[in-house]
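Structural characterization, general
One letter stands for each residue in the lines below.
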Amino acid sequence: SWMKISSLQELHPDYSDLLQSIVTDIENASGLPLRQKMKWPGLSVFIASPNKITPYHFDHETNFLFQIKGEKDVKLFNQDDRFLLSEEEIEDFYRGNAMAGKYRDELSNSGSVYRLTPNTAVHHPPLSPHLIHNGDNVSISLSAFFSLPEGNFRASIYQTNYLLRRAGLHPSPPGQSIFKDRLKNVTIRALSKSKPRNWEEDLFSGTDNVRFPMRVARGVRQRFSGHHTTERAS
């Protein structure tokens, strides 16, 4: 079993101070002005039973995982290797499927394993797939995370590509055309909420506003065409 406690920085000022301290340390180590750029920073605590395995997945945010108690092995995979992580998997993730990453047997010899013990930490780059295997004791970890503008820009391109692929097209991945990338970003931002209340709305409201009319139209077509099929919402 496992438990996640989210948004600790909203529960007590001490946690907010801790988050700011962590970000300051990361800024000093990296030389990057993160506080000027980052959005939706937060803290989460993970408590997991002995030998618990966290399934293969990846995340949008920049993440730093600090080990407090117990031990765990974190296996990180290269987020830029499209053999390990395909364009379609990333597109599926950015349409709202948190478990879009598909682990395959041929990935077993890839990736790097980091052994976390108390007072150690590991950096998860955005979109870096990972597997986590707890040791023989209860594990307690603290995650400090935030989004960066370049990550949100890339997400909007993948979201547009997902919609284009659903329409039967073959969109180009990010980085191949600055003009196309900017056009895709403008498209998603125009569909997104202008004042998002949280990071989910900031990241997904654009595609949500497209998918809902698509689902309604599909349901109307099925109803009046006499087809009574059940399709998973997408």
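Everything that follows concerns the structure shown earlier in this document.
What this report covers is the structure whose coordinates are included nearby. Please read all numbers here as calculations on a predicted model, not as lab measurements. (Residues numbered from 1 in each chain as written. Predicted model: local features only at pLDDT ≥ 70, side-chain atom pairs only at ≥ 80, totals over all residues. Heavy atoms only, no water.)

To continue, consider the overall build of the chain. Secondary structure assignment for the chain yields 6 helices and 9 strands. The 234 residues of the chain split such that 41% are buried. Residue pairs at least 24 apart in sequence account for 82% of intrachain contacts in the chain once pairs closer than 6 positions are excluded. Of the roughly 13,200 Å² that the chain leaves accessible, carbon and sulfur atoms contribute 56%. (Helix = DSSP H or I, 4+ residues; strand = E, 2+ residues; numbered from the N terminus. Buried < 20%, exposed > 50% of the residue type's maximum accessible area, 1.4 Å probe, protein only. Contact = heavy atoms within 4.5 Å. Areas by Shrake-Rupley, 256 points an atom, 1.4 Å probe, with all protein chains shown as cover.)

In this section: the sheet that holds strand β8 (residues 130-134). Taken together, 4 strands build an open sheet; the order of strands is β3-β8-β5-β6 and the sheet is antiparallel. One side of each edge strand has no neighbouring strand; the edge strands of this open sheet are β3 (53-57) and β6 (112-116). Strand-to-strand, the axes of this sheet are offset by a mean angle of 15 degrees, without reference to chain direction. Two elements, strand β5 (residues 72-76) and β6, share 5 bridges in a ladder whose sense is antiparallel. (Pairing = 2+ DSSP bridges. Axes fitted to C-alpha atoms, helices over the stretch in contact; angles between N-to-C directions.)

Side chains of residues three or four places apart in an α-helix project in the same direction, reflecting 3.6 residues per turn. For helix α1 (residues 13-30), built from 18 residues, the straight-helix expectation of 26 Å at 1.5 Å per residue is met to within 8% by its first-to-last C-alpha distance of 26 Å. Turning to α1, the residues buried within the fold contact α2 (34-37), β2 (39-48), β4 (62-69) and β9 (139-147). Looking one or two places after α1, you find G31, whose phi comes out positive at around 75 degrees. (Expected span 1.5 Å × (residues − 1).)

Attention now moves to the environment of K4. Considering the arrangement of structural elements, one finds K4 in strand β1 (residues 2-5). Taking the C-alpha atoms as reference points, K4 and V45, separated by 41 residues in sequence, lie 5.7 Å from one another.

Its place among the elements puts S16 in helix α1. Sequence-wise, S16 and P41 are 25 residues apart; in three dimensions their C-alpha atoms are separated by 9.8 Å.

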